[in-house]
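Structural overview for review
Listed below are the residues making up each chain.
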Amino acid sequence: MPPPDRPIIAKRVLAWYRRHGRMLPWRGETDPYRILVSEVMLQQTQVDRVIPFYERFLERFPTVEALAGASAADVIRLWGGLGYNRRALFLQKTAQAVVARGGWPKDVDGLQELPGVGPYTSRALAVFAFGARLSVLDVNVRRWVQRVVFGPEWGRAAKDDAALQDAADALVPRGSYDWNQAIMDFGSAVCTAKRPACVSCPLATVCKARPAIERKGMEITASRRKKVVPFKESQRYVRGLVLMLLRERPSLAVPALLTSLQQRDRGITELRVVKALTGLAADGLISMERGRIKLP
Ligand code: SF4
């Protein structure tokens, strides 16, 4: 059952989007392959960083068939610098599955059966490529729905994914493509985590969270802050350096690799390198042969 405020929420958000929406290379795209590439690259990565990688990747692998038939090493090389390299292999596995089944599934359930495609990506594909009237819940949209629909009850809603998804789906007007693009921008630019712009927000009169935010100050977002490990102390850092060295050479012996890494950063211990190599091999990002390491 759509909430009574749906028409007014849709009208105001879409009007805001027409004036303030960002121009992005994947906006308006309906090719599922190109949408998949953008969605995978945008996982845990800022939009501005993704854009040049997105364009370069599609230039090199313009179709799902081109990516499916490439060598894994070429895909990992091209991904260099974007981080979270496992995404490159997942993306290629998805492409190979699509080619093997002779085309794309067109609904959420079918899409979710593809390797590497989870609930979020399957919805993004269903909406942007196949016109499903659903909501795509990224982190900004989640927060926005919690606030607008649940207001002070947001804490309970945050724990109930199904309730949140239902509430978000009930808000989708006709034209779900633009709507989903609009709320993603709205959530990241207006209804931000720490400083929601309630004073100038076009939804101020219909938002259930606004009175509570004004009473308590800006902080209504549930944030149990995790202890942040400095990047240079993380295993991601060592893994990234290993792949960077392998992108430049056909292969490397383990002792030479260790020396190169320690020349770059003395804080990298042998134990950290061994852990990184074990993890990279388990993820299929490197292969080891007779003491030498290379891209797969
Ligand atoms: S009024 Fe405030 S909390 Fe509500 S949607 Fe607007 S910015 Fe977000």
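Note that the structure is predicted; figures quoted are calculated from it, not measured.

With that out of the way, let us pick up the sheet that holds strand β1 (residues 252-253). Taken together, three strands build an open sheet; the order of strands is β1-β3-β2 and the sheet is antiparallel. Edge positions in the sheet fall to β1 and β2 (287-289), since each has one partner strand and no second. Note that β1 and strand β3 (residues 292-294) share two bridges and pair antiparallel. Paired with A253 across the bridge in β3 is R292.

So, about the site of the ligand. In the vicinity of the ligand, the contacting residues are W144, R147, V148, C191, P196, A197, C198, C201, C207 and I213. Residue composition of the shell around the ligand, by class: nine nonpolar, no polar and one charged.

Attention now goes to the environment of P52. Its place among the elements puts P52 in helix α3 (residues 47-60). Between the alpha carbons of P52 and P25 there is a distance of 9.8 Å; along the sequence they are 27 residues apart.

With domains assigned, the chain is organised as domain 1 (31-128), domain 2 (139-175 + 182-216) and domain 3 (231-294). If you average the C-alpha positions of domain 2 and of domain 3, the two centres end up 43 Å apart.

Once that is clear, we can look at the environment of L42. With respect to the helices, strands and loops of the structure, L42 is situated in helix α2 (residues 32-42). Sequence separation between L42 and L82 is 40 residues; the distance between their C-alpha atoms is 9.9 Å. Among all residues touching L42, those that are not within four sequence positions of it are W26, V47, V50 and R87.

Taking 1.5 Å of rise per residue, the 14 residues of helix α12 (residues 176-189) would be expected to cover 20 Å, and the 20 Å separating its terminal C-alpha atoms lies within 8% of that figure. Most of α12 sits out of view: 11 of its 14 residues are buried. Of all the residues in α12, the buried ones are S176, Y177, W179, N180, Q181, A182, I183, M184, D185, F186 and G187. Tucked inside the fold, the buried residues of α12 contact α1 (6-20), α8 (119-128) and α9 (139-150).

For Q44, which is not glycine, the phi dihedral falls at a positive 60°. Assessed through its relative accessible area of 61%, Q44 is described here as exposed. Despite not being glycine, R290 shows a phi value in the positive range, around 45°. Secondary-structure assignment places R290 in the loop between β2 and β3.

Attention now moves to the nonpolar core. F57, W144 and W179 are the most contacted members of the largest nonpolar core, which totals 70 residues. No fewer than three residues from each of domain 1 (31-128) and domain 2 (139-175 + 182-216) sit in this core. When near neighbours in sequence (up to four residues on either side) are disregarded, W144 contacts I9, V13, L171, W179, I183, F186, C191 and L203.

We now examine the pattern of salt bridges. Evaluated as defined, the whole model comprises 11 salt bridges. The shortest N-O distance in the salt bridge between R27 and D185 comes to 3.0 Å. With R27 in the loop between α1 and α2 and D185 in helix α12, this pair connects stretches of sequence that are 158 residues apart. Grouping residues by exposure puts R27 and D185 together as buried. Taking the shortest distance from any N to any O, the salt bridge between D283 and R86 comes out at 3.5 Å.

Thresholds, definitions, all that
- Residues numbered from 1 in each chain as written.
- Predicted model: local features only at pLDDT ≥ 70, side-chain atom pairs only at ≥ 80, totals over all residues.
- Heavy atoms only, no water.
- Pairing = 2+ DSSP bridges.
- Helix = DSSP H or I, 4+ residues; strand = E, 2+ residues; numbered from the N terminus.
- Near = heavy atom within 4 Å.
- Nonpolar A, V, L, I, M, F, W, Y, C, P; charged D, E, K, R; others polar.
- Domains from an automatic or database assignment.
- Contact = heavy atoms within 4.5 Å.
- Expected span 1.5 Å × (residues − 1).
- Buried < 20%, exposed > 50% of the residue type's maximum accessible area, 1.4 Å probe, protein only.
- Core = buried A, V, L, I, M, F, W, Y, C linked by side-chain atoms within 4.5 Å.
- Salt bridge = Lys/Arg side-chain N within 4 Å of Asp/Glu carboxyl O.

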